[in-house]
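# Structure assessment
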Amino acid sequence: MRKIVIAIDGPAASGKSTTARLVAQQLDYLHIDTGAMYRAITLRVLQENIPLGDVERIKALAEATTIRLERSDQGNKVFVDGRDVTEAIRSAKVTVNVSTVSSYQSVRAVLVREQRRIAAQGGVVLEGRDIGTVVLPNADLKIYMVADVAKRAERRKKELALMGTEVDHQKLEEEILERDRQDSTRESSPLRKAPDARELDTSDLTIDKQVEFVVQQARKIIEGN
Ligand code: DC
């Protein structure tokens, strides 16, 4: 059976991680959450107290850091230099700073090299902002996920509530829009829909439906139709 490469991109909180994880599960593929990799570097920058403008030190740190992603039922488990940082990379502090760290081309170069290495084996679902445009322009299937900001904030609110954090809906909408603004206006690999990506608006879709859509498209390609 042919093992294809699936790229899922889209703005913050559009449902990429959940969809990618479940699609990977159904196809028995590897799921790679590339946002988690940028979050992991951001966490290390904060832990080392490196000023966010110090590109040289951040680059050196990215080069010296080993990130490992492991499969789990909740999504990727993330290890940095052997330490489990799965929860730490979701903190509010990491979330507000990750767009700055991920805007640096030198950081992207390190992580994109690793993402391409993992994808080379096929049978992978990579999700992020630039997978279909920059990381894997030859991906077999490209999906661009979008959703109303109100729906995205609502989903994020529920996710955070499960982790015991209460955040105001309006504040979440603002944070999401600000991150989208930064991610789509940066110079290096901005968030864009690849011309050959299929757009999937998940505003009114259940998770099952959005997963089904991607799996159906994937199976067509795998079966050569
Ligand atoms: O998907 P996420 O919200 O966990 O991603 C965190 C940040 O990482 C996002 O705001 C921008 C950056 N990112 C990126 O620049 N390129 C990717 N392929 C994935 C994420």
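Above this text is the structure in question.
Every value quoted in this text rests on a predicted model; they were computed, and no experiment measured them.

So, on to helix H4 (residues 92-101). Among the residues of H4, those classed as buried are Val94, Thr95, Asn97, Val98, Ser99 and Val101. If you follow the buried residues of H4, they end up packed against helix H2 (34-47), helix H3 (55-64), helix H5 (105-119) and helix H8 (169-185).

If you check the shell around the ligand, you find 15 residues, and the closest are Arg39, Arg108, Asp130, Asp183 and Arg186. A distance of 3.5 Å separates an oxygen atom of the ligand from a polar side-chain atom of Ser99. One of the side-chain nitrogen or oxygen atoms of Asp183 is found 2.8 Å away from an oxygen atom of the ligand. Compared with its free state, where it exposes 440 Å², the ligand has 97% of that area covered by protein. In the shell around the ligand, the residues fall into 2 nonpolar, 5 polar and 8 charged.

Another aspect to go through is the packing of H3 against H5. At their nearest, the axes of H3 and H5 sit 8 Å apart, and the two run at 10° to each other. With respect to H5, the axis of H3 lies roughly parallel. Contacts between H3 and H5 involve Val55, Ile58, Lys59, Ala62 and Glu63 from the former and Ser106, Val107 and Val110 from the latter. Among the residues forming the contact of H3 with H5, the class breakdown is 5 nonpolar, 1 polar and 2 charged.

Let's shift gears to the packing of aromatic side chains. Summed over the entire model, instances satisfying the criterion amount to 0 aromatic pairs. Between Arg68 and the ring centre of Phe79, over which it is positioned, the NZ or CZ distance is 4.4 Å.

Let's shift gears to unusual backbone geometry. The backbone phi angle of Asp28 is positive, close to 60°, even though this residue is not glycine. For Asp28, the position within the fold is in the loop between helix H1 (16-27) and strand S2 (30-33). We classify Asp28 as exposed; its relative accessible area is 53%. The phi dihedral of Ser189 falls on the positive side, at around 45°, and the residue is not glycine. Mapped onto the elements of the fold, Ser189 is located in the loop between H8 and strand S8 (198-201). By relative accessible area, Ser189 is classed as buried at 15%.

Counting 35 residues, the largest nonpolar core has Ile41, Val107 and Leu136 as its most contacted members. Those elements that provide at least two residues to this core are strand S1 (5-9), H2, H3, strand S4 (77-80), H4, H5, strand S6 (124-128) and helix H6 (131-135). The leading source of residues in this core is H2, at 7 residues. Those residues within four positions of Val107 in sequence are excluded, and the remaining contacts are Tyr38, Ile41, Ile58, Ala62 and Val101. Counting residues in hydrophobic clusters, the runner-up holds 19 residues, among them Met145, Leu200, Ala218 and Ile221.

Conventions we followed
Residues numbered from 1 in each chain as written. Predicted model: local features only at pLDDT ≥ 70, side-chain atom pairs only at ≥ 80, totals over all residues. Heavy atoms only, no water. Buried < 20%, exposed > 50% of the residue type's maximum accessible area, 1.4 Å probe, protein only. Helix = DSSP H or I, 4+ residues; strand = E, 2+ residues; numbered from the N terminus. Contact = heavy atoms within 4.5 Å. Near = heavy atom within 4 Å. Polar contact = N/O pair within 3.5 Å; in protein donor to acceptor, adjacent residues only side chain to side chain. Areas by Shrake-Rupley, 256 points an atom, 1.4 Å probe, with all protein chains shown as cover. Nonpolar A, V, L, I, M, F, W, Y, C, P; charged D, E, K, R; others polar. Axes fitted to C-alpha atoms, helices over the stretch in contact; angles between N-to-C directions. Parallel < 35°, antiparallel > 145°, perpendicular 65-115°, else oblique. Phe/Tyr/Trp six-rings, centres within 6.5 Å; stacked < 30°, edge-to-face > 60°. Lys NZ or Arg CZ within 6 Å of the ring centre and 35° of its normal. Core = buried A, V, L, I, M, F, W, Y, C linked by side-chain atoms within 4.5 Å.

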